[in-house]
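Structural overview for review
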Amino acid sequence: QKSSSLGFRSTKVIDIFRFQGDLHPGFISVQCFTSVSLPQFMQEDICSLAFDKVTSILILPFHRKWNHQGRLIHDSKVTRTINCSVLDMAPCSVGILIDRKKMSNPSCVPSVLHRVAVLFLGGNDDREALAYGLRMAKSPGVHLSVVRLISREDVVEDEWEKVLDAESLREFKLGFSRQD
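As a starting point, this report considers the structure included with it. (Residues numbered from 1 in each chain as written. Predicted model: local features only at pLDDT ≥ 70, side-chain atom pairs only at ≥ 80, totals over all residues. Heavy atoms only, no water.)

**Regarding the environment of I59**
- Along the polypeptide, I59 turns up in strand β3 (residues 57-61).
- Classification of I59 as partly exposed rests on a relative accessible area of 41%.
- It is 6.4 Å that separates the C-alpha atoms of I59 and L97, two residues lying 38 residues apart in sequence.
- Residues in contact with I59, not counting those within four places in the same chain, are F17, G95 and L97. (Helix = DSSP H or I, 4+ residues; strand = E, 2+ residues; numbered from the N terminus. Buried < 20%, exposed > 50% of the residue type's maximum accessible area, 1.4 Å probe, protein only. Contact = heavy atoms within 4.5 Å.)

**Comments concerning the packing of aromatic side chains**
- This model, assessed by the stated rule, comprises one aromatic pair.
- With a centroid separation of 6.0 Å and 15° between ring planes, the pair formed by F62 and W66 is classed as stacked. (Phe/Tyr/Trp six-rings, centres within 6.5 Å; stacked < 30°, edge-to-face > 60°.)

**Structural notes on the nonpolar core**
- In this structure, V116, V118, F120, L130, L134, A137, V142, L144, L169 and F172 together form the largest nonpolar core, which totals ten residues.
- In contact with L169, other than residues within four places in its own chain, are F120, L130 and R148.
- A50, L58, L60 and I82 belong to the second largest nonpolar core, which has seven residues in total. (Core = buried A, V, L, I, M, F, W, Y, C linked by side-chain atoms within 4.5 Å.)

**A short note on the side chain of N67**
- With respect to the secondary-structure elements, N67 resides in the loop between β4 (64-66) and β5 (72-75).
- Reaching out from N67, the side chain makes a polar contact with the backbone nitrogen of R71 at a distance of 2.9 Å. (Polar contact = N/O pair within 3.5 Å; in protein donor to acceptor, adjacent residues only side chain to side chain.)

Dropping the structure here:
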């Protein structure tokens, strides 16, 4: 965490999650931890703490940051490496938070407070991300975009995975048609 004149950058994000926890007591519990460790061991600390606390989801920062003009101002290889390692060994779901607030223009879409995107390639993790996206999209201040990417190559895939993917996408479409 880097300090600024307004405090730590993560403070606003943590406050948002705490606010949600206060709005939904018993459903959302937010616990923040600070640990000092070497980068090569950080993923082990994160994952063991998530395991010990029976965490449902870890939210990690994206390794890139942009300025208000949309120019890349920071690209951390260390953060990217840690994120990849956590993704490989996490005992729960992992979300990567990409904060592009400085770039957004709220006057463009005044009724949408949050824009969420799910890239669907297929598989268990993507089905879980789709389920999270659907839950978020039920909130009136959330606009959800789902992009399904399909390979042109004839890749040998598990037919059962294809069936599960198709069913998840069907349920997703039905979930939105019921809301209209």
